Amino acid sequence: MDIQYLLFLQGLRIATGGVFDELFNAISKFAVDIMPFLPFIVFWCVNKKWGYRYLSTLGIGEVVNGVIKLTVCAYRPWIRSAEIEPAGDSKVAATGYSFPSGHTMSGTSTYGTTVAWQRNKRRWLAVLCGVMIALTGFSRNFLGVHTPQDVLVGFTEAVIIILLVGYVQNKIDGDTKKLDILAVIGIIAVICVIIYIKVKPYPMDYVDGELLVDPNKMMNDCFKACGAFVGLIAGSFVERHYVHYEIPEGSKNLPVLAFIGFMIVFGWKEYFAPATFVAAFGGHWGNFIARLILWFFAVAIWPICIQKWAND
């Protein structure tokens, strides 16, 4: 039934001459290429508490999504059925196993946290983000890279994590000792995740003597997620104990500093990290270290720079 649904959407793509392909591809990419930087902007410029909530939700969500993907090991739709032909370059951009959808999880984490934050303040923004969640999930089906169940579970896990992070944040209410305990638990959890994904068995199916899906490549996204989460934990520890970042509200330099910070982390993620650490240490540990540096920089280092230069 899921493949038949994707074939129905594929028929619509063909019937409309692919006129909507780039639109849904852009919606899909925006959720994972741009929206993950929103937590940094919120943290630096708008609301530190909500910045941490965004970061925690996205960081935990990516780790959980990676673990589920590598546990279920569901093949992509075009592997399950030769009739499925994804639109444009979406097949190349789709990394990891199929279940659950990482794009949907990531988009729901950022858009959904915005809904939780703005639902009673700016209802129009909450509604817009709700629409973007739906469009992001649908785009994964429309492009032919995920089944409906992939999208539904990706959405569900993100919603659960949004609620849990909010509940824990409100219960702890900035208690440094409790946050340090959670930090230790988080590091232990990441160690367990890495051991688990490295030692567990994976399907090794061959077609014409060629491995259908290389599990080593499928682990890359989970190593990225683990590195980012460790960077968040370490950065948060340094920020809470030593930096004590306070948003310099009213500073005329803050928008410029936020833009510079965005360009640094974006450039690192897209260009410099792949050319340095990933090239030197490979897809697993290279991505782990690169994402650790990125998130640590965003949470601990750039706030120091903002505080130093905001009123210069």
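Up top is the structure.
1. Details of the nonpolar core
Moving on, step 1. Counting residues in each nonpolar core, the largest one holds 51 residues, and the members touching the most others are Phe40, Trp44, Leu70, Tyr97, Trp295 and Ile306.
Moving on, step 2. Those elements that place two or more of their residues in this core are helix 3 (38-46), helix 4 (48-72), helix 10 (176-199), helix 12 (220-243) and helix 13 (254-309).
Moving on, step 3. The biggest single contributor to this core is helix 13, with 16 residues.
Moving on, step 4. Ignoring any residue separated from it by four or fewer positions in sequence, one finds Trp44 in contact with Tyr245, Ile247, Leu254, Ala258, Gly261, Phe262, Ala298, Trp302, Pro303 and Ile306.
Moving on, step 5. Counting residues in hydrophobic clusters, the runner-up holds 17 residues, among them Phe24, Ile27, Ile84 and Val145.

2. Focus: the pattern of salt bridges
Moving on, step 1. Per the counting criterion, the structure on display carries five salt bridges.
Moving on, step 2. In this structure, Asp2 and Arg80 form a salt bridge, with 2.9 Å as the shortest nitrogen-oxygen distance. Here the residue Asp2 occupies a position in helix 1 (residues 2-15), and Arg80 occupies one in helix 5 (residues 77-80), the gap between them amounting to 78 residues.
Moving on, step 3. Residue classification places Arg80 among the partly exposed positions, given a relative accessible area of 45%.
Moving on, step 4. Note that Asp180 is salt-bridged to Arg240, the shortest N-O span being 3.0 Å. Placement of the pair is Asp180 in helix 10 and Arg240 in helix 12, with a sequence separation of 60 residues. For the pair formed by Asp180 and Arg240, the shared burial category is buried.

3. Points about unusual backbone geometry
Glycine aside, the phi torsion of most residues is negative, and most peptide linkages are trans.
Moving on, step 1. Each neighbour pair has its own omega, and for Phe99 with Pro100 the value is -5 degrees, a cis peptide bond.
Moving on, step 2. Relative to the assigned elements, Pro100 resides in the loop between helix 6 (90-93) and helix 7 (102-118).
Moving on, step 3. Even without glycine at this site, Asp173 takes up a positive phi of about 50 degrees.
Moving on, step 4. Looking at where Asp173 falls in the secondary structure, it is placed in the loop between helix 9 (148-172) and helix 10.
Moving on, step 5. In this structure, Asp208 takes a positive phi of about 55 degrees despite not being glycine.
Moving on, step 6. For Asp208, the location among the structural elements is in the loop between strand 1 (206-207) and strand 2 (210-211).
Moving on, step 7. What makes Asp208 exposed here is its relative accessible area of 81%.

Conventions adopted
- Residues numbered from 1 in each chain as written.
- Predicted model: local features only at pLDDT ≥ 70, side-chain atom pairs only at ≥ 80, totals over all residues.
- Heavy atoms only, no water.
- Core = buried A, V, L, I, M, F, W, Y, C linked by side-chain atoms within 4.5 Å.
- Buried < 20%, exposed > 50% of the residue type's maximum accessible area, 1.4 Å probe, protein only.
- Helix = DSSP H or I, 4+ residues; strand = E, 2+ residues; numbered from the N terminus.
- Contact = heavy atoms within 4.5 Å.
- Salt bridge = Lys/Arg side-chain N within 4 Å of Asp/Glu carboxyl O.

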